[in-house]
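As a plain string of letters, each chain reads:
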Number of protein chains: 2
Amino acid sequence: MDDALTSADLVRLRDHALALADESRRRLREFFVGGFEVKQKADGSYVTNADIETERALRAMTSAAFPDHGLIGEEHAAHGKDARLRWVFDPIDGTEDFVHRVPTFGTIIALYQGETPVVGVLDVPMLGLRVHAAKGLGAFSGSERITLGDIARSVPQEAWRITTSSRSNFVRHRDAIGRDDGAIFDRLTAQFPNHRIYRSCLAHLLAITGQADACVDAHNPIWDIAAARILAEEAGGACCTVQNYTIGGEPMYSTVFGRKLAVERIAKLFEA
Amino acid sequence: MDDALTSADLVRLRDHALALADESRRRLREFFVGGFEVKQKADGSYVTNADIETERALRAMTSAAFPDHGLIGEEHAAHGKDARLRWVFDPIDGTEDFVHRVPTFGTIIALYQGETPVVGVLDVPMLGLRVHAAKGLGAFSGSERITLGDIARSVPQEAWRITTSSRSNFVRHRDAIGRDDGAIFDRLTAQFPNHRIYRSCLAHLLAITGQADACVDAHNPIWDIAAARILAEEAGGACCTVQNYTIGGEPMYSTVFGRKLAVERIAKLFEA
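Residues numbered from 1 in each chain as written. Chains lettered and ligands numbered in written order. Predicted model: local features only at pLDDT ≥ 70, side-chain atom pairs only at ≥ 80, totals over all residues. Heavy atoms only, no water.

1. Considering the sheet that holds strand 7 (residues 129-134) of chain A
All names here are of chain A.
Logical step 1: If you walk across this open sheet you meet the 7 strands as 3-4-5-6-7-8-9, and the pairing is mixed. Lying at the two open borders of the sheet, with one neighbouring strand each, are strand 3 (70-73) and strand 9 (144-145).
Logical step 2: Bridging between strand 7 and strand 8 (residues 138-141) involves 4 bridges; their strand directions are antiparallel. The residue bridging His132 from the neighbouring strand is Phe140, located in strand 8. (Pairing = 2+ DSSP bridges. Helix = DSSP H or I, 4+ residues; strand = E, 2+ residues; numbered from the N terminus.)

Right under this line is the structure:
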């Protein structure tokens, strides 16, 4: 494939992403019902053989179909980081919830062309929810095209439906970056009091479909946030990277996306 | 039935509660898939024909089985409020999420003998989750007995898994009671940063099974909180009513429940 991806290329790449999501859903449902092995990493976070084996399967499927593409995921070392097309996987976003058998975890899959996301999929296997998008091809919830309208001005801000992450995410890199964003969480929850807190994948999905008006996710590595921008933009919404820095060379992002007016207002919280 | 409920009485009453939950689950799944009509109440909250018709069905089943029992629910006027045994129903806890097709809503069912809850059921139809308990008969997740141990002292407080409600719940009665408990939400989320925010039924269920360590739910009418105490106590956990007042004669409660050490620490947030 040359520089400009054709519509046919994008269809093929999107279909590969959907095949990955099918495989991931099948495996995760099996692990969730049948059992899995849990370890805690040095930082206290969890990893299971379900994360590791599912990511390995997604990588193998992708290497077989597209041997020259790069592969970036949470549980295995990056491969082909300088490739023009790079796949980003988080096979289990919300491993802590998965480990505690809370069925709101999900799979995040995206494809980047250079710095631009061109395909994105979010899949919540136990809830049977999926959204996908590809550049110029639209965003879909299942087989239904998503059109994300704006919030009616008559709806008071206190009723806006916001999804976000726990306060622990807002403060998790305070030592590395010398800044504690707990105060941003406090302003967000005070000014937008009708919020729900899930792990990223479900929180993102609800803001893409319009089931929530916006999502705010803070201090994430690329695999957590990889699918949000292409999904939001193809759905007709907005996506705003409000923080962008590196820790040990790895980029980190704080992001607000969903209905335009909500994104605009919430992004201001990060300016103060 | 005389004053002391026998074990046989309790089995019969618990089995009725489970039959109600079966009926409610069947109806709500049908409505969720097949569609429903939505209205907004004067206060901006939602009600659907699914709430109204499901509560009506639960009342009819209960009146047929136990004609002298009282009935209290969100969508219909109370009946037999002075009866010695009173059923409390919330057919759809989380109607706003139901309306937005977020599958985390649930049904709350409880039976009170005087002021004492003796049976409790929480059912999350779209996630296939259910817990139930009856006085002296234990608490169960599906068919599995729940034994809620305490948190190991080695787990740091910042890793404790807490479920709670949105900040809007903490402030919702500020005008009626002349107090704004937003500051309690802020202290809770700062001191227990590993939280998730769902609607009551799922938030409660996760703290009863031990999938979360504790739940904090604030400023609730009786039907939101009705099942929590009997479930927590029968599971071997603790339940602490940290606020109790009336608005227009209706009692309101703020409640902390789950693993004992977590309940003890969190309850202190309401003392300051």
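2. Structural notes on the environment of Lys81(A)
Logical step 1: Here Lys81(A) is to be found in the loop between strand 3 and strand 4 (85-93).
Logical step 2: Polar contacts involving the side chain of Lys81(A) include one to the side chain of Glu250(A), which spans 3.4 Å. (Polar contact = N/O pair within 3.5 Å; in protein donor to acceptor, adjacent residues only side chain to side chain.)

3. Details of the relation of the copies chain B and chain A
Logical step 1: Placing chain B over chain A gives an RMSD of 0.0 Å and needs a rotation angle of 180°, together with 0.0 Å of translation along the axis. Expressed as an axis order, the relation between the two copies is that of a two-fold axis. Ranked by how close their C-alpha atoms come to the rotation axis, the residues of chain B are headed by Ile197(B), at 2.2 Å.
Logical step 2: The overlap is high: 100% of the interface residues of chain B also sit at the interface in chain A, so the same surface is used on both sides. (Least-squares fit on C-alpha atoms with pLDDT ≥ 70 in both. Contact = heavy atoms within 4.5 Å.)

4. Focus: the pattern of salt bridges
All names here are of chain A.
Logical step 1: A full pass over the atoms with the stated rule returns 39 salt bridges over all chains.
Logical step 2: Between Asp123 and Arg25 there is a salt bridge, with its nearest N and O atoms 2.7 Å apart. Here Asp123, found in strand 6 (residues 116-124), pairs with Arg25, found in helix 1 (residues 7-34); they are 98 residues apart in sequence, far enough to count as distant. Across this residue pair, the class does not change: Asp123 and Arg25 are buried. (Salt bridge = Lys/Arg side-chain N within 4 Å of Asp/Glu carboxyl O. Buried < 20%, exposed > 50% of the residue type's maximum accessible area, 1.4 Å probe, protein only.)

5. So, the environment of Arg161(B)
Logical step 1: Note that Arg161(B) resides in the loop between strand 9 (144-145) and strand 10 (162-164).
Logical step 2: Take Arg161(B): its relative accessible area is 7%, and that puts it in the buried class.
Logical step 3: For the pair Arg161(B) and Glu271(B), spaced 110 residues apart in sequence, the C-alpha to C-alpha distance is 22 Å.
Logical step 4: Every residue in contact with Arg161(B), bar those within four places of it in the chain, is listed here: Glu96(A), Asp97(A), His100(A), Val102(A), Asn194(B), Arg196(B), Gln211(B), Ala212(B), Asp213(B) and Ala214(B).
Logical step 5: Here Asp97(A) takes part through its side chain, which lies 3.1 Å from a polar atom of the side chain of Arg161(B).

6. What to know about the side chain of Asp51(A)
Residue and element names in this part refer to chain A.
Logical step 1: Tracing the backbone through its elements, the reader meets Asp51 in helix 2 (residues 49-65).
Logical step 2: Side-chain polar atoms of Asp51 contact the side chain of Thr48, separated by 2.6 Å.
Logical step 3: Setting aside its immediate chain neighbours within four residues, Asp51 contacts Glu75, Pro91, Ile92 and Thr95.

7. A closer look at the packing of helix 1 (residues 7-34) of chain B against helix 2 (residues 49-65) of chain B
Residue and element names in this part refer to chain B.
Logical step 1: Axis separation between helix 1 and helix 2 bottoms out at 10 Å; the angle between their running directions is 155°. Viewed along their axes, helix 1 and helix 2 adopt a mutual orientation that is roughly antiparallel. The element helix 1 and its partner helix 2 pack so that their crossing is right-handed. Facing helix 1, whose interface residues are Arg12, His16, Ala19, Leu20, Glu23, Ser24, Arg27, Leu28 and Phe31, helix 2 presents Asn49, Ala50, Glu53, Thr54, Ala57, Leu58, Met61, Thr62 and Ala65.
Logical step 2: The residue makeup of the contact of helix 1 with helix 2, split by class, is 9 nonpolar, 5 polar and 4 charged. (Axes fitted to C-alpha atoms, helices over the stretch in contact; angles between N-to-C directions. Parallel < 35°, antiparallel > 145°, perpendicular 65-115°, else oblique. Left-handed = near helix turned anticlockwise from the far one by under 90°. Nonpolar A, V, L, I, M, F, W, Y, C, P; charged D, E, K, R; others polar.)

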